Structure formats: structure tokens, C-alpha cells
Amino acid sequence: MVRMKTIEILVGAFMAAGILALFFLALQVSNLSMASSGTGYVISARFDNIGSLKVKAAVSMSGVRVGRVSEISFDDGSYEAVVRMTIDSKFDKIPDDTFAKIYTAGLLGEQYVGLEAGGSDTYLAEGGELGMTQSALVLEEIIGQVLFSKASEGTKNAEGTK
Amino acid sequence: MLDQLALLGRIGLGAIAGLGRAHLLMFGLLRGLGDLWPRPLLLVHQIHSVGVLSILIITVSGLFVGMVLGLQGHYVLSKFGATQTLGVMVAASLVRELGPVVTALLFAGRAGSALTAEIGLMKATEQLSGLEMMAVDPVKRVLTPRFLAGFIAMPLLASMFSAIGVIGGYFVGVGLLGVDAGAYWSQMQANIDLHEDVYNGVIKSLVFGFVCTWIALFQGYDCMPTSEGVSRATTRTVVHSALAVLGLDFILTALMFGN
Amino acid sequence: MSTEEPLVKIRGLRFSRGERVIFDGVDLDIPRGKVTAIMGPSGTGKTTLLKLIGGQLRPDAGTIEVDGRNVHRLGNRDLYTLRKRMGMLFQSGALLTDLSVFDNVAYPLREHTALPKSMIRKLVLIKLEAVGLRGASGLMPSELSGGMARRVALARAIALDPMMILYDEPFTGQDPISMGILVKLIRELNDASRLTSVLVSHDVHETASISDFIHVISEGRVVESGTSTEITGSRKAWVQQFMGGRPDGPVPFHYPGADLADELMGDARC
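Criteria and cut-off values
- Residues numbered from 1 in each chain as written.
- Chains lettered and ligands numbered in written order.
- Predicted model: local features only at pLDDT ≥ 70, side-chain atom pairs only at ≥ 80, totals over all residues.
- Heavy atoms only, no water.
- Pairing = 2+ DSSP bridges.
- Helix = DSSP H or I, 4+ residues; strand = E, 2+ residues; numbered from the N terminus.
- Contact = heavy atoms within 4.5 Å.
- Axes fitted to C-alpha atoms, helices over the stretch in contact; angles between N-to-C directions.
- Salt bridge = Lys/Arg side-chain N within 4 Å of Asp/Glu carboxyl O.
- Buried < 20%, exposed > 50% of the residue type's maximum accessible area, 1.4 Å probe, protein only.
- Domains from an automatic or database assignment.

Caption draft 1: How the structure looks around the sheet that holds strand E4 (residues 61-66) of chain C. All names here are of chain C. Taken together, the four strands give an open sheet; going across it, the order is E2-E1-E4-E5, and neighbouring strands pair in antiparallel fashion. The sheet terminates laterally at strand E2 (20-30) and strand E5 (69-70), the two strands that pair on one side only. Pairing geometry for strand E1 (residues 8-17) and E2, over eight bridges, is antiparallel. From the neighbouring strand, Lys9 faces E2, where its bridge partner is Asp29. Taken strand by strand, helix H1 (residues 46-53) contacts E1, E2 and E4, and its axis lies near 120° from that of E1.

Have a look at this one:
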């Protein structure tokens, strides 16, 4: 009987440890805290080019994460990308003339949407749309532009010809 | 020539028949689950022998795998000046792949082979026959609790493996190699997704738990009731489980992370 | 034989394992309340016959009726109900190695009855007392000798008070004392509780001493049936050789092979 009790206790401890480990993975390792802050409202913005922006990418203001991209679709009337973002409900004072821009985290990092607050007194709510956007910077285009301008200047840069 | 062809045919038919018996056993196991409720103690006993006794090997292996990941990851990432993403690398490898897969392989070696040997010996010593003659269904009474125990224990063991591995990576990365502790955790949290990574890892290990335990029980139940038969069945359990885990891992990964 | 309907009725039984034919048309009756022995050389499938009676194996043809019911026509539930009324003593005892002697004997009671704990305890002790091992109830099967393990298995087999017990080679590998105990137990249990006992063995002497009827099987058929005195006095040469344990006779000493002289004089092929 004593042996049986120890087995029960060991198994109980085992289950607890396993579930604890799962909680550790959920809370400490993954971004559960972000995901489950739960309710929010959806706004949308149109971009000419979203680069490699993905669903679930961060939406941040002044570097603080305020939401995430929930849906990306293509409007075949205007040939623009429509990005829907779920903004955390506690950030409910975002002016409706806010400027949305796609940034890249670091040189090779993931892309995210950065919001720059405007000066309006009316705030965005469910279904709101951002009018002013700037597309993602596409690396190839920038390099192309640099090369083009250098070439047109006619200077033979050593690095350019290499 | 004709003889060899006949031999090939016989081996093929034998394999198909074995597959058939394995699935019949699986249905028997699933049917037996319903009768397990009135006897939770049977399950507790089996979780002890399948799960608790595997903790040591799982946690120690997890720790070392995490430490190696920290070391290797740091070496590669430092070339790109991206050592602050070490946490992401360690956690993603563990939670998505190494946790479920390595745990399943260790489980097959530790618990699976023990299950096969136990059931095989029960068969060789006529204990299973004896139960049948006592009007007790050995599949329901002996095999099903072990099956459920393996199914429950595997994801818990895999979670422990991953959790300890992340900590092992932290020891090496932050403790020895000087990665910033804040970056280690925050990058990890920002880039590991609960659904995409953690839940999918758990689903993988549930599948592996199902398959490994099923293979182990089938090999034990189907073995030749001699000492040679039991030892061969034990070997087969480890080999078949390893192949099944690695093959299934590819399929599951393709289903989960592919588009 | 009595006019009473036999407990087990086997008709036209055929059974084969792969290519090997084990039974080829066996007809056998096992009367109620008696000790019936089935004898034959090793490898004639005596154990297989018990497994067929218990419904663990399925015959290729023929019928086996136990207590008027065709074993192989029964559904799973009915078969299990029937098995509760049969006990089987395996050669190895087949005790559950992770349970103590007490728990092993209590096992069928706990599985199949809803008796209170104290009642089960009493029943188990009575059964263990019957086989003389009440004092060993706390031991584990690994601590028992072969003979004791068989006696515990016997106590377990009679735990549910079955109508019939099947003994699979109960005397094999026993020292004379345990053999004597088992012989006595089988006979006493049979007479005390109106059991029917079926005994499979090739230990001629002990078996003949306790059996009421003997069936001798060889090469898939029943060679001779009768009371034990009839069988020991049989005039069939084969039965005489078997019962007398003579090395040569209808069953040759030599495994069939080429002529000795030819083989010795011939070229070495190895």
C-alpha cells in the first residue's frame, strides 16, 4: 500500500512537471502574452507594395507593439494590397490621419507596420481606414536606384565595377 | 528463380498480414479505452512505468541538446552578428523539431522496448493466455492502459525536453558566451508563436506517442512466444519506431509549416 | 460410460498449423464429474487441444461442444461467460508476475464478482488453504518454486468454482514430492467439488493412477480410449510401447534416414 501511494505521488508529480513545462513553453518561450491580450479592433490600410509583410507581423507605434497584421488581401480594382490590422483595444486613441509605413527590422529582419500618429482629434475605431501609407522599401529597387544614379554621374567607382 | 519469386511474395504477404494485425490491435486498443474509466489506478501504474521512469533520460538529454544548440547556434549566428537571436534559434529548433522527435526516439528506446519485452514475456510465459482463460481480455486489461499512458506521457515528456533544452541553451548562450539575457528571452518571445510552434510541437508528440506505443505493444503482442522472439521483437520496436517517427515527422512538418 | 450427456463433445475435429496437420478427424467425449486424461507423445498437440476447448484457437473443421454449446459459434461475450466456468492450469502456471500470490488468486474474483473486500479475502484464503499455500499468500511469484507456482495457479483456477478444469502437463518437470502433491490435489478437488477434470500429459504412471478415462492420441487421431486399466492392458503395440515407455517398437528409435552402411561408406559431403 505504501508503494502504491509513492507511485501515485510520483505520477502526480510527473503530470504536474509536464504541464508546467508546457506552460513554460507557452508563457516564457512563445508570445502568448501578446496573442492573448485578446480583444481589439480592426483597421485597414492600402499599400502599393507590401514587400514581404506577413500575416501576424507586428504593428507598432513609436516602437511599441500595438497590434498585429491579421489579414492581407489584394484589391484587383485598384491594384493595391489591403492590409488589415488588429489593434489592441487598450490603444484606442489613434488619430484617423495616422500615417502607416512598412519598415524592416534590421537589415535582413522581418517587416512590420509602423504607425506615425497624425494630429486629428477623431480616433480610429473598428473598420477605420488609414489614408496615408508608404510602401515597403524593396532592397533591389534601392540598389538599382543607387547604381543608376552613380552611373549617370559617370564616376567610375571601384566598388561599382567590381 | 520461381522459388525466389515465391519467397518475395510470401514476405510481401506476411508484411501485409502483419500490418492488418497491427490495425486490428489498434481497434482493440481504442475500443478498450472506454472500459478504462472505472479503473484509473491501472493507468496511474502505467504512467509511472512509461513516463516517470523516462524523466531522467529525457531531462538530461534535453539539457545537453539545448546546450549544444546554444553552442552551435552561437557559432553560426556570430558570423552574421545576430547572436541576439540565439534564443529564437534554440527555442524554435527544440519546440518544433528536436523536442518531439528526440523525445520520441528516446521514448522508443527506453519505454517502448520495455513495453515490448514486458508484453512479449507475458505472452511467452502464457500470462496473456491465462488471462484469456480467466475470461479477461488481455488487450483491454493489459495493453490498453499502457497505450493510453504512452499517449499521455509523450507530450509531457517532450514539453519537459524542450523546456529544459531552452534553459540549457540559456546557460551556454547567456552564461558562457555572453549573449544578452534580455535579448535571449525577448527575441524568443517575439518570434515563437504559441499556435504555430508550441501547439504544433505538442500535436507532433501526441502523434508520436500514439505510434510509438502502438508499435511497441503490437511487437510484444505479436512476437513469437520464445526468448528469441521477444528479443527480436524488442529490436524491431526500436527500429520501426525510429523509422515511423522520422517519416511521420516529415509528413507532419510538411502539413503544418508548408503552405 | 454413464448415460449422462458428456460435458465436452468433440466431433470430426481438424486443425493444422501452416502445412502441419495436427488433428485429423478427432472424436472425443469427456464425461462429467470424472478425471479424463488425454495422453500422447510430445508434439501431438495435446496443449493445442486444450486451447481449442477453451476457444483460444479455432478449428479448421469439426465441432467442439462444451456443456451443449458449440464453443466456436459463441460470440465474444458468451465465450467469456463460458470461460468463467472453465479453469485452466498452464504448464508454467502463468501467474501474473507483478502481483503477489494473494492478488493472483484474488484476480478472477475481483474481475468477475462485486464481492466485498473481506469476502474476497476469505475466499482467497480458503482456496490457498485447499492447495496448502495459505502461508505463502504474501510471496511474489518469482519467490515460488515451480511446484508451488502450479499450486497457486490451481488455487486461482478454482477461485470462481468452475465446472471444469483443464490441466496442461501438470507433472512435467516436478520433483517426486510436488508431483505427489499435485496428483493428490487433482483427485481430491475433482471428487470434493464435483468438477470435471481434463488432464493432458505424457507422464504415464501418475496419469494412469488418477484418471478415470484415458484417450491416447497419436498423429492427429485418437488411437485408443478406455478406462485406465483398459488402456494399461491394451494389446495394441503402439499403446504398449507408449504406456511401457519402451525405446523401440512401432515408433522406431532411429529418425528416418539413409541406410547406416551406405552413409558411412559414402563420400563425405561436409
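Read on for the rest.
Caption draft 2: Molecular detail of the pattern of salt bridges. Scanning the entire structure with this criterion turns up 24 salt bridges over all chains. With a shortest N-O distance of 2.5 Å, B:Asp197 and B:Arg96 are connected by a salt bridge. Highlighted residues: B:Asp197 in helix H8 (residues 194-222) and B:Arg96 in helix H4 (residues 86-124), separated in sequence by 101 residues. The buried category is assigned to B:Asp197, whose relative accessible area is 3%. Note that C:Lys127 is salt-bridged to C:Asp161, the shortest N-O span being 2.8 Å. In this pair, C:Lys127 is assigned in helix H4 (residues 117-130) and C:Asp161 in the loop between helix H5 (146-157) and strand E7 (164-168), connecting sequence segments 34 residues apart. On the basis of relative accessibility, which here comes to 10%, the residue C:Lys127 falls in the buried class. Salt bridges sharing common partners tie together A:Arg46, A:Asp75, A:Glu80 and A:Glu129.

Caption draft 3: Here's a closer look at H1(C). Burial within H1(C) is extensive, with seven of its eight residues counted as buried. Along H1(C), the positions that sit buried rather than exposed are C:Lys46, C:Thr48, C:Leu49, C:Leu50, C:Lys51, C:Leu52 and C:Ile53.

Caption draft 4: Looking closely at the domain arrangement of chain A. Annotation of chain A at the domain level lists domain 1 (1-30) and domain 2 (40-145). Domain 1 of chain A and domain 2 of chain A are separated by 43 Å when their C-alpha centres are compared.

Caption draft 5: Quick peek at the sheet that holds strand E8 (residues 196-201) of chain C. Residues and elements named next belong to chain C. Ordered in space as E6-E7-E8-E3-E9-E10, the six strands form an open sheet in which the pairing is mixed. Both edges of this open sheet fall to strand E6 (86-89) and strand E10 (221-227), since each of them pairs with a single strand only. Averaged over all neighbouring strand pairs, the angle between strand axes comes to 15°, with direction disregarded. Pairing of E6 with E7 involves four bridges; the strand directions are parallel. Directly across from Leu89, in E7, lies its bridge partner Tyr167.

Caption draft 6: Region of the structure containing unusual backbone geometry. Within the chain, B:Ala135 stands out as a residue other than glycine whose phi angle is a positive 65°. Tracing the sequence through the fold places B:Ala135 in the loop between helix H5 (127-133) and helix H6 (138-176). At C:Glu219, a position not held by glycine, the phi torsion is positive, near 50°. As for its placement among the helices and strands, C:Glu219 is situated in the loop between strand E9 (213-218) and E10. By relative accessible area, C:Glu219 is classed as exposed at 74%.

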